[in-house]
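Observations on the model geometry
Now for the letters of each chain:
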Amino acid sequence: METAQLRIALFSGNYNMVTDGANRALNRLVEYLLRQGAAVRVYSPTIAQPAFEPQGELVGVPSIPIPGRSEYRFALGLGRAARRDLAAFQPNVIHVASPDFGAHGTVTWARRRGLPVLASVHTRFETYFRYYNMAWFEPVMVAFLRRFYRRCDALVVPSESFAQVLRDQRMNYDIDIWSRGVDRDVFNPSHRSMEWRRSLGIGDDEVVVGFHSRLVMEKGLDVFSDTIDELRRRKVKHRVLIVGEGPARPWFEARLPDAVFTGYMAGTDLCMAVASMDVLFFPSVTEAFGNVSLEAMASGLPVVAAIATGSQNLVDDGVSGRLVPPGAVQQFAAALRGYIDQPELRAKHGAAGELRSRDFSWDQINQVVADTYLRLIRQKAAAKG
């Protein structure tokens, strides 16, 4: 069987409601598969005004808004209409991208028909509860995830470090690496704009510590803020630039009143904003890969990040950035001070990161998923035989 013979039913809990790394990766994958001649059908909750136009044909499933995070919806199951559509589509492989009730129903549907199931894991869901005073629920979530992922034939994850976490948690033992790519025509150092910085009131001689992500607490906004406070205590001159939007923006703005907040940016505006920073500071520990770190590296920036899944497979400590133990505010501040005080070091590590970013080609990366589909189909056919 070839890639063009694939008929993939993809279930996503959130395919194009918001612009985040997982949604962008899934849409890029579908675009690539369609370009190779494969047939793809996407099943996901939908909203009236999504963040962007989806790749491929999108079929809505029943869902409700997630309490406190209304920009997301929670799938309640496939629903009759989606089940009829799925049966008519006649997929030869199922791909689930979120461990919700809809995905559980999809896996059950596939197992009854002897179809292979691949699950892509995009984030460390169990860690989110730490940021909402519900850390006690983390073991329960781990058990829930384990039950779901062990019903799948294989997993794909963005980094080897994340794969090892899942193996240690006994989620599954058939795990391939579906990394992430970066569009280097979009993210590169040439988009740096001093004129744009000046329009924000940032001087040419000021060093900008940047943050680029959705503004939600699980991205480490508390650690970021505490570290900026520590830089201020040490009298280290710098400016803070925050690129992104999200429900935690009011909290973040109140916490960092001197920072420049641009709000949501995309396309050429986003690549200009990232390239116009001097160093990216990203203390999140919930990332499976860390797309923003790769985009910053492609833009010629050194990256200061937490030693966590994703970042430690991208950032070479002491070469293209600094890796610091999660939550270690003093060490984060020391690492940032090194780049703020030493422009030569900043330039050297930024150049090393830009060189490393050239290893991430989207087409090569997405073919890994197609090859995994084909392998699972062969294995399922051999087992039936």
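Just above, that's the structure.
Let us look at the structure shown here. Everything numeric here is computed off the predicted structure, so don't read it as measured data. Along each chain, residues carry numbers from 1 onward, in the same order as the chain's sequence is written. Local features in this predicted model are restricted to residues whose pLDDT is 70 or higher, and side-chain atom pairs enter the listing and the counts only when it is 80 or higher, whereas totals over whole chains, interfaces and linings include all residues. Computation of side-chain values: all heavy atoms of the structure, hydrogens and water removed.

Focus on the pattern of salt bridges
What counts, and what does not: We define a salt bridge as a contact between a side-chain nitrogen of Lys or Arg and a carboxyl oxygen of Asp or Glu at a distance within 4 Å. Secondary structure elements are defined from DSSP: runs of H or I of at least 4 residues count as helices, runs of E of at least 2 residues count as strands, and each element is numbered from the N terminus. Throughout this description, buried means an accessible area under 20% of the type-specific maximum (1.4 Å probe, protein chains only), exposed means over 50%, and partly exposed covers the range between.
Following the criterion strictly, the structure yields 25 salt bridges and no others. Its salt-bridge partner being R233, residue E230 comes within 2.9 Å of it at the nearest N-O pair. Residue E230 and its partner R233 are located together in helix α7 (residues 221-233), separated by three residues, close to a single helical turn. You can call E230 buried: its relative accessible area is 9%. Salt-bridge contacts for R249 lead to E245; the nearest nitrogen and oxygen are separated by 2.8 Å. Salt bridges linked by common partners bring D226, D229, R232 and R255 together as one network.

Let's talk about the nonpolar core
Put simply, the test is: Put simply, a nonpolar core is a bunch of buried Ala, Val, Leu, Ile, Met, Phe, Trp, Tyr and Cys residues held in one set by side-chain atoms that sit within 4.5 Å of each other. Contacts are assigned to residue pairs that have any heavy atoms within 4.5 Å of one another.
Among the nonpolar cores identified, the biggest contains 89 residues, and L6, F224, I242, F252 and Y373 are the most heavily contacted of them. The greatest single-element share of this core, amounting to eight residues, is contributed by helix α14 (residues 362-384). Excluding its chain neighbours within four sequence positions, the residues that come into contact with I242 are F211, L215, F224, F252, A259, V260, F261, T262 and G263.

A word on the environment of V18
Within the secondary structure, V18 sits in the loop between β1 (7-11) and α1 (21-35). For V18, a relative accessible area of 8% corresponds to the buried category. Between the C-alpha atoms of V18 and P50, which are 32 residues apart in sequence, the distance is 6.8 Å.

Considering the sheet that holds strand β13 (residues 279-282)
This is how the line gets drawn: Here, strands pair whenever DSSP counts at least two bridges between them. In this analysis an axis means a line fitted to C-alpha atoms, helices contributing only their contacting stretch, and an angle means the value between N-to-C directions, from 0 to 180 degrees.
One open sheet holds the six strands; their spatial order is β12-β11-β10-β13-β14-β15, and the pairing between them is parallel. Looking at which strands have only one partner, the edges of the open sheet turn out to be β12 (260-263) and β15 (321-324). With strand direction ignored, the average angle separating the axes of adjacent strands in the sheet is 20°. Bridge analysis of strand β10 (residues 208-212) against strand β11 (residues 239-243) gives five bridges, and the strand direction is parallel. Within β11, the residue paired with H212 across the bridge is V243. Against the sheet, helix α10 (residues 291-298) contacts β10, β13 and β14 (303-306), and its axis sits at roughly 170° relative to β13.

Some details on the pairing of β1
Residues in a regular strand point their side chains to alternate faces of the sheet. Heads up, the condition is: When the strands point away from the viewer and the path from the first strand over the helix to the second turns clockwise, the crossover is right-handed.
Where burial is concerned, most of β1 is hidden: four out of the five residues are buried. Sheet analysis places β1 next to strand β2 (residues 39-44), joined by five bridges and oriented parallel. The partner of F11 across the bridge, within β2, is Y43. You can see the chain leave β1, run along α1 and come back into β2, and the turn it takes is right-handed. Pairing analysis gives four bridges linking β1 to strand β6 (residues 93-96), with the strands arranged parallel. The partner of L10 across the bridge, within β6, is H95.

Observations concerning the sheet that holds β6
Across the sheet, which stays open at both edges, the seven strands sit in the order β3-β2-β1-β6-β7-β8-β9 with parallel pairing between neighbours. This sheet does not close on itself; its edge strands, each paired only once, are β3 (57-60) and β9 (175-177). For this sheet, the mean inter-axis angle between neighbouring strands, taken without regard to orientation, is 25°. Contacting β1, β6 and β7 (117-120), helix α3 (residues 101-112) runs over the sheet at an angle of about 165° to β6.

Focus on unusual backbone geometry
The phi torsion at Q90 lies on the positive side, around 55°, for a residue other than glycine. Within the secondary structure, Q90 is located in the loop between α2 (80-89) and β6.

Quick look at the packing of aromatic side chains
Keep this limit in mind: Note on aromatic pairs: the rings of Phe, Tyr and Trp (six-membered ring only in Trp) are paired at centre separations within 6.5 Å, and the planes decide the class, stacked below 30 degrees, edge-to-face beyond 60, tilted for the rest. Two conditions define a charge sitting above a ring: the NZ of Lys or the CZ of Arg must be within 6 Å of the ring centre, and it must be within 35 degrees of the ring normal.
With the rule as written, the count across this model stands at nine aromatic pairs. Between F252 and F261, the aromatic rings sit 5.7 Å apart at their centres with planes inclined by 85°, giving edge-to-face as the arrangement. Residue classification places F252 among the buried residues on the basis of a relative accessible area of 0%. Among the residues examined, F261 registers a relative accessible area of 16% and is labelled buried. Members of the aromatic cluster, each reached through a chain of ring pairs, are F211, F224, W251, F252, F261, F281, F282 and F332. Directly above the aromatic system of F89 lies the positively charged group of R7, at a separation of 4.5 Å from the ring centroid.

Observations regarding the pairing of β7
Burial along β7 is two-sided: the residues V117 and A119 and L118 and S120 are all buried. Where β6 and β7 come together, three bridges link them in parallel fashion. Across the sheet, residue V96 finds its bridge partner in β7, namely A119. Handedness of the crossover joining β6 and β7 through α3 is recorded here as right-handed. Here β7 pairs with strand β8 (residues 154-157) via three bridges, running parallel. By the bridge assignment, S120 is partnered in β8 with V156.

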